[in-house]
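What the coordinates show
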Amino acid sequence: MNFWQHVITKIEVDGRLPDNRIANEIAAYKEKLKKNVDGSGKQLLNGKHLQNKLMSKVANMLFRELSRAIAKP
């Protein structure tokens, strides 16, 4: 529940991420999802679909960073 709340309140809302490499990667991914439109210009992903994609991306990035931290001698 806390993870979901963090994604909804901190990551999905524009302007709340710090200026660093990870936040920039998340912001770029979010913009890529928002620019995904059909032939008529209608956004393909919105609402819960967009939130779920963002949560998946953040979870994968979190695991990646955790693995890097654990692997360091």
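Structure: see above.
Below: a short report on this structure. (Residues numbered from 1 in each chain as written. Predicted model: local features only at pLDDT ≥ 70, side-chain atom pairs only at ≥ 80, totals over all residues. Heavy atoms only, no water.)

1. A closer look at the overall build of the chain
Counting its secondary structure elements, the chain contains three helices and zero strands. The linear arrangement of helices and strands in the chain, starting from the amino end, is α-α-α. Expressed along its principal axes, the backbone C-alpha trace of the chain runs to roughly 50 × 25 × 20 Å. In the chain, which comprises 73 residues, the proportion classed as buried is 22%. Long-range contacts, defined as pairs at least 24 residues apart, comprise 52% of the intrachain contacts of the chain with a sequence gap of at least 6. With the model as given, the accessible surface of the chain reaches about 5400 Å², and the carbon-plus-sulfur share is 58%. (Helix = DSSP H or I, 4+ residues; strand = E, 2+ residues; numbered from the N terminus. Buried < 20%, exposed > 50% of the residue type's maximum accessible area, 1.4 Å probe, protein only. Contact = heavy atoms within 4.5 Å. Areas by Shrake-Rupley, 256 points an atom, 1.4 Å probe, with all protein chains shown as cover.)

2. So, the nonpolar core
Generally speaking, nonpolar side chains in soluble globular proteins are found buried as a group. In this structure, Val 7, Ile 11, Ile 26, Tyr 29, Leu 33, Leu 45, Leu 50, Leu 54, Met 55, Val 58 and Met 61 together form the largest nonpolar core, which totals eleven residues. If one sorts the elements of this core by residue count, helix α3 (residues 48-71) sits on top with five residues. Apart from residues no more than four positions distant in its own chain, Leu 45 is found in contact with Leu 33, Asn 36, Leu 50 and Lys 53. (Core = buried A, V, L, I, M, F, W, Y, C linked by side-chain atoms within 4.5 Å.)

3. A closer look at the packing of aromatic side chains
For any pair of aromatic rings, the description rests on two quantities: the centre-to-centre distance and the angle between the ring planes. This model, assessed by the stated rule, comprises zero aromatic pairs. Sitting over the ring of Tyr 29, Lys 57 keeps its end group 5.1 Å from the ring centre. (Phe/Tyr/Trp six-rings, centres within 6.5 Å; stacked < 30°, edge-to-face > 60°. Lys NZ or Arg CZ within 6 Å of the ring centre and 35° of its normal.)

4. As for the environment of Leu 50
Note on placement: Leu 50 falls in helix α3. On the basis of relative accessibility, which here comes to 5%, the residue Leu 50 falls in the buried class. Separated by 16 residues in the primary sequence, Leu 50 and Lys 34 have C-alpha atoms spaced 8.0 Å apart. Setting aside its immediate chain neighbours within four residues, Leu 50 contacts Leu 33, Lys 34 and Leu 45.

So, to be careful, I would describe these as geometric facts and stop short of saying anything about function.
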